[in-house]
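Here are the chains, one letter per residue:
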Amino acid sequence: MANITKKVSWSSRADESGPPGEGTPLLNGSEPRLSRQLSGGENVFQIGRLSTVDLEEEMASEEDSLRGRPKEIPHNEKLLSLKFESLDYDNIENQLFLEEERRMSYMGFRCLEISRWVVCGLIGFLTGLIACFIDIAVEQLAGIKYQVVKQNIENFTEVGGLSISLILWAVLNAGIVMIGSIIVAFFEPIAAGSGIPQIKCYLNGVKVPRVVRLKTLLVKVCGVISSVVGGLAVGKEGPMIHSGAVVAAGVSQGRSTSLKRDFKIFEYFRRDTEKRDFVSAGAAAGVSAAFGAPVGGVLFSLEEGASFWNQMLTWRIFFASMISTFTLNFFLSIYYNNPGELSNPGLINFGRFETDTVAYNLYEIPLFIVMGAIGGLLGALFNVLNYWLTIFRIRYVHRPCLQVMEAMLVAAVTAAVSFTMIYFSNDCQPLGPDHTEEYPLQLFCADGEYNSMATAFFNTPERSVRSLFHNQPGTYNPLTLALFTLTYFFLACWTYGLAVSAGVFIPSLLIGAAWGRLFGILLASTTSTGQIWAKPGKYALIGAAAQLGGIVRMTLSLTVIMVEATGNVTYGLPIMLVLMTAKIVGDYFVEGLYDIHIKLQSVPFLHWEAPATSHWLTAREVMSAPVTCLNRIEKVGTIVDILSNTSTNHNGFPVVLEVHASEEPPKLCGLILRSQLIVLLKHKVFVELARTRLTQRKLQLKDFRDAYPRFPPIQSIHVSQDERECMMDLTEFMNATPYTVPQETSLPRVFKLFRALGLRHLVVVDDSNRVIGLVTRKDLARYHLGKHGLEELQLAQT
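### Observations concerning the pairing of strand 19 (residues 771-775)
Part 1: Taken across its five residues, strand 19 has five buried, putting it largely inside the fold.
Part 2: Linking strand 18 (residues 762-765) back to strand 19 in an antiparallel pair, the connection comprises five residues, with Asn769 at a positive phi of about 65°.

Next up, the structure:
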């Protein structure tokens, strides 16, 4: 027990003048004290609260801490934010739910299953359309920008004044990025970044505010177009995954709460359990649309996103991914009027690798593993640098105007660095009749030649990756690739985390493809037979996989994505070995990029397993208290007062048997949520009114679904003084069979039950089924393995 860095103690939040001894540590095996609080003459039992105390700091009184609380708490990775709530992934099996399920016939269940397939098809179709729109918009706008800059450079190359071209390029980049950054920073900050960490948190059971709103989708799409066209070192794939998830969350509900339009369809799916499954399908459809990889999309959703899975969900997600890929390919074929051009039906077209190009020998396997180790090291360096940069942004670049200025600065610097690298490069290559360069720049090269550095910088990142994969040997010299790798590495690291919509997949692939091609060129030049087997395109592919794996730490799904995107399964084994090596090496130093950003946001994220050294902790020691319990028939005024109490703001309330003359806490008989109580108060489901209004309509599940997911706040519910004296019967609406654990249950067992079932509340009871405490997500997420053993995070309003 000596290795835990925090001290766990008991206190009473509601009753500051509680009995002495409340601060007795629990880790020494002492029993918690029970405090009884009377509110409005009713019996409301609260059991002492578990709090964290930093042994290195003096404990100030609650009043002093509230007065001295700064408007912004400086970032501390040892904090866990209280602003995040959990999603209700466990069905609330009250009497209304059970009666509806019993009334539903076999044909009704079959229709529901068909509806799920229809929704998944709609998700795939709309995600494919969005991907098509993004692709066409980026290609057209980027083409206009590069043509303008190219023509300007050609005009000033001979007569002098290339500084004007540099200024033009920088101004265009900064102006375009400014538009995307403004709509993100001022209108929808949650749309910043790739969105993958947020979707990963959502599927884990964390309610991330505004993450699946229609406004978020619009800002995300416009923002990623601005970011890519503005020349930033970003990609489109992360925002596509987020966009697919938002589409899924909207389509599956059959209405738009933002537009206040209800289409009266898919009403059965208006709950967190169903919505989670569809969001998984949307994320997979986004991957499929980005890379043309339906199977990779399913595996990505399984490996990186979903915390809960079943077999039927796999097939529905694969169906959504297939529809997404087909939709994108179909409409792009129509737009370009040449279906044969789209050999890879994906938003990010790597081009097809022919078998002779990617054939490898067994003696190359050790070389591939070495490249995987290099990718892991570079990925760890990338993540560490981005971590400290993000810490700096959280502390100092938190105002929207500063965020927009930083994005414009990065865009201008990117243009300046690109122009400088192209200007001083003397890597000139012949421009053949079958060249694939979209915007070849001659600059100071001879007639019939083009600047090879410009192929990498003066292009969209996707086209640059394709050229590194497929251009013939000799297209790039080693110095060009080395300089490009170095500069683009730091530009991509600086760019990720800006207040713009941007992904990290393509920049990672581009960095890896550059140093991978360099690796292949050096092999070919240092060995006598290297010219035969050391194909630069092959090593560019391996380097791309190693670099991306070293940054995001994906293995199985990324292997399949790369195989599907390149159209050749020959390289499946080497890519898998490379990704495993990159993950092992990278994990030795630091976590993956997405996990780092989840931790930086202080999200109570539950990993696959509880900390390895936590078996000695029990539910009694990790649970939250005081627990505000409600009687099965409770006074309306008491309920309103409890819900209006801003100091607690609880979302789940154990329902107990009525107390008569006993001093002990009553026995548990159910659990009810804040959202349910608000709906009951809104519809005034009071015992007295039910007796006087014989024709009053009985409350149905539809009333709860209509209020989902934006339940009104308690302040908007008007309850008169006479109504406060009424009684409310919770029997019909509470979950009569909530999950419970004995107070001596070990933390890993509690963790496994909580995470596997997707719970929001887990009631802790004693041997007599009396409520002792309540385990929530934050109680489990605050324990983690640190440098000094098992550590406990502090809870704060960050």
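### A short note on the sheet that holds strand 19
Part 1: The strand order 17-18-19 describes an open sheet built from three strands, whose pairing is mixed. Each end of this open sheet is capped by a strand with a single partner; those strands are strand 17 (740-742) and strand 19. Neighbour-to-neighbour, the strand axes of this sheet turn through a mean angle of 30°, independent of strand direction.
Part 2: Examined bridge by bridge, strand 18 and strand 19 share four bridges and lie antiparallel to one another. Opposite Val765, over in strand 19, you have Val771 as the bridge partner.
Part 3: Of the strands in this sheet, strand 17, strand 18 and strand 19 touch helix 29 (residues 747-756), which is tilted by about 145° from strand 18.

### So, the environment of Tyr387
Part 1: For Tyr387, the location among the structural elements is in helix 12 (residues 365-396).
Part 2: Expressed as a C-alpha distance, the spacing of Tyr387 and Cys493, which sit 106 residues apart in the sequence, is 9.5 Å.
Part 3: Dropping the residues within four chain positions of it, Tyr387 is found in contact with Glu77, Ile596 and Leu600.

### Examining the pattern of salt bridges
Part 1: Following the criterion strictly, the structure yields 29 salt bridges and no others.
Part 2: Put simply, Arg271 and Glu274 hold a salt bridge, and the shortest N to O gap is 3.6 Å.
Part 3: We classify Arg271 as buried; its relative accessible area is 14%.
Part 4: Look at Glu274 and you get buried, because its relative accessible area is 7%.

### Comments concerning the packing of helix 12 against helix 22 (residues 593-600)
How two helices sit against one another is set out by the angle between their axes and by the gap between those axes.
Part 1: In contact at an axis separation of 10 Å, helix 12 and helix 22 are set at 25° when each is read in the N-to-C sense. It follows that helix 12 is roughly parallel to helix 22 by the angle criterion. The chirality of how helix 12 crosses helix 22 is right-handed. Only Leu593, Ile596, His597 and Leu600 of helix 22 make contact with helix 12, whose side of the interface consists of Phe382, Asn383, Asn386, Tyr387, Thr390, Ile391 and Ile394.
Part 2: In terms of residue class, the contact of helix 12 with helix 22 is built from seven nonpolar, four polar and no charged.

### Side note on the packing of helix 5 (residues 196-204) against helix 8 (residues 272-291)
Part 1: One can describe the packing of helix 5 onto helix 8 by two numbers: an axis separation of 10 Å at closest approach and a directional angle of 150°. With respect to helix 8, the axis of helix 5 lies roughly antiparallel. With respect to the hand of their crossing, helix 5 and helix 8 are arranged in left-handed fashion. Between helix 5 and helix 8, the residues in contact are Ile199, Tyr202 and Leu203 and Lys275, Arg276, Val279, Ser280 and Ala283, respectively.
Part 2: Here the contact of helix 5 with helix 8 is composed, by residue class, of five nonpolar, one polar and two charged.

### Comments concerning the packing of aromatic side chains
Part 1: Under the counting rule described, the total for this entry stands at 29 aromatic pairs.
Part 2: Ring geometry for Phe326 and Phe330: centres 6.0 Å apart, planes at 20°, overall stacked. Pair noted here: Phe326 and Phe330 are both in helix 10 (residues 311-336), with a separation of four residues, about one helical turn.
Part 3: The exposure class of Phe330 is partly exposed, given its relative accessible area of 41%.
Part 4: The interplanar angle of 70° and the centroid separation of 4.9 Å between the aromatic rings of Phe457 and Phe484 together place this pair among those described as edge-to-face. Separated by 27 residues along the polypeptide, Phe457 in helix 14 (residues 452-457) and Phe484 in helix 16 (residues 478-495) bring together distant segments of the chain.
Part 5: Classification of Phe457 by relative accessible area gives buried; the value is 6%.
Part 6: Here Phe484 falls in the buried class, since its relative accessible area comes to 2%.
Part 7: Members of the aromatic cluster, connected to one another through ring pairs, are Tyr146, Trp169, Phe419, Tyr423, Phe424 and Phe458.
Part 8: Directly above the aromatic system of Tyr146 lies the positively charged group of Lys145, at a separation of 4.4 Å from the ring centroid.

### Some remarks on the sheet that holds strand 14 (residues 652-656)
Adjacent strands of a sheet form backbone hydrogen bonds with each other and so pair up, either parallel or antiparallel.
Part 1: Across the sheet, three strands lie side by side as 12-14-15; this open sheet has mixed pairing. With one partner strand each, in any of the chains shown, strand 12 (630-631) and strand 15 (668-673) form the two edges of the open sheet.
Part 2: Sheet topology places strand 12 next to strand 14; two bridges connect them, and they run parallel. Its bridge partner lying in strand 14, Asn631 is registered against Val656.
Part 3: Contacts from helix 25 (residues 674-682) reach strand 12, strand 14 and strand 15 within the one sheet, and its direction differs from that of strand 15 by about 75°.

### Observations concerning helix 2 (residues 95-103)
Part 1: Residues Leu96, Phe97, Glu100 and Glu101 constitute the buried set of helix 2. Taken down its axis, helix 2 places every buried residue within 130° of arc, on the same side. Structural note: helix 2 exposes Arg102 and Arg103 on the side pointing more than 90 degrees away from its buried face.
Part 2: As for helix 2, its buried residues are in contact with helix 3 (106-159) and helix 27 (701-707).

### Things to note about helix 8
Because each turn of an α-helix spans 3.6 residues, side chains separated by three or four positions in sequence point in the same direction.
Part 1: Helix length check: helix 8, at 20 residues, gives a terminal C-alpha distance of 29 Å against a target of 28 Å (1.5 Å per residue), a fit within 8%.
Part 2: Here helix 8 lies mainly inside the structure; 20 of its 20 residues are buried.
Part 3: Looking one or two places after helix 8, you find Gly292, whose phi comes out positive at around 65°.

### Focus: the confidence of the model for the protein chain
Part 1: Chain-level statistics for the protein chain give a pLDDT mean of 83 and a share of 84% at 70 or above.
Part 2: Considering only residues more than four positions removed or in separate chains, one finds that residues 1-73, a stretch of pLDDT under 50, has 140 contacts.

### A few points about the side chain of Gln429
Part 1: One can find Gln429 in strand 10 (residues 428-430).
Part 2: Taking the relative accessible area as the measure of exposure, Gln429 reaches 13% and is therefore buried.
Part 3: Among the polar contacts made by the side chain of Gln429, one reaches the side chain of Asp427 at a distance of 2.7 Å.
Part 4: Every residue in contact with Gln429, bar those within four places of it in the chain, is listed here: Gly448, Glu449, Tyr450, Ser452, Gly474, Thr475 and Tyr476.

### Focus on the pairing of strand 15
Each regular strand displays side chains that alternate between the two surfaces of the sheet.
Part 1: Extensive coverage of strand 15 is indicated by the burial of six of its six residues.
Part 2: Strand direction decides the pairing type here: strand 14 and strand 15, joined by five bridges, are antiparallel. What sits directly across from Phe653, in strand 15, is Ile672.

### Focus on unusual backbone geometry
Part 1: Following Tyr708, the chain continues into Pro709 via a peptide bond in cis, with omega recorded as 0°.
Part 2: Checked against the element boundaries, Pro709 lands in the loop between helix 27 and helix 28 (721-724).
Part 3: At Lys684, a residue that is not glycine, the phi angle is positive and equals roughly 55°.
Part 4: Residue position: Lys684 is located in the loop between helix 25 and helix 26 (687-692).
Part 5: By relative accessible area, Lys684 is classed as partly exposed at 21%.

### Side note on a nonpolar patch on the surface
Part 1: A grouping of Leu381, Leu385, Leu486 and Phe490 is seen on the molecular surface, where their side chains present a nonpolar patch of about 350 Å² in accessible area.
Part 2: Mapped onto the nonpolar patch, the elements with two or more residues apiece are helix 12 and helix 16.
Part 3: Structurally, Phe490 can be placed in helix 16.

Reading the values: rules and limits
- Residues numbered from 1 in each chain as written.
- Predicted model: local features only at pLDDT ≥ 70, side-chain atom pairs only at ≥ 80, totals over all residues.
- Heavy atoms only, no water.
- Buried < 20%, exposed > 50% of the residue type's maximum accessible area, 1.4 Å probe, protein only.
- Helix = DSSP H or I, 4+ residues; strand = E, 2+ residues; numbered from the N terminus.
- Pairing = 2+ DSSP bridges.
- Axes fitted to C-alpha atoms, helices over the stretch in contact; angles between N-to-C directions.
- Contact = heavy atoms within 4.5 Å.
- Salt bridge = Lys/Arg side-chain N within 4 Å of Asp/Glu carboxyl O.
- Parallel < 35°, antiparallel > 145°, perpendicular 65-115°, else oblique.
- Left-handed = near helix turned anticlockwise from the far one by under 90°.
- Nonpolar A, V, L, I, M, F, W, Y, C, P; charged D, E, K, R; others polar.
- Phe/Tyr/Trp six-rings, centres within 6.5 Å; stacked < 30°, edge-to-face > 60°.
- Lys NZ or Arg CZ within 6 Å of the ring centre and 35° of its normal.
- Arc of directions from axis to C-beta.
- Expected span 1.5 Å × (residues − 1).
- pLDDT = per-residue confidence, 0-100.
- Polar contact = N/O pair within 3.5 Å; in protein donor to acceptor, adjacent residues only side chain to side chain.
- Patch = residues over 30% accessible without salt bridge, like charges linked within 9 Å, V, L, I, M, F, W, Y side chains within 5 Å.
- Areas by Shrake-Rupley, 256 points an atom, 1.4 Å probe, with all protein chains shown as cover.

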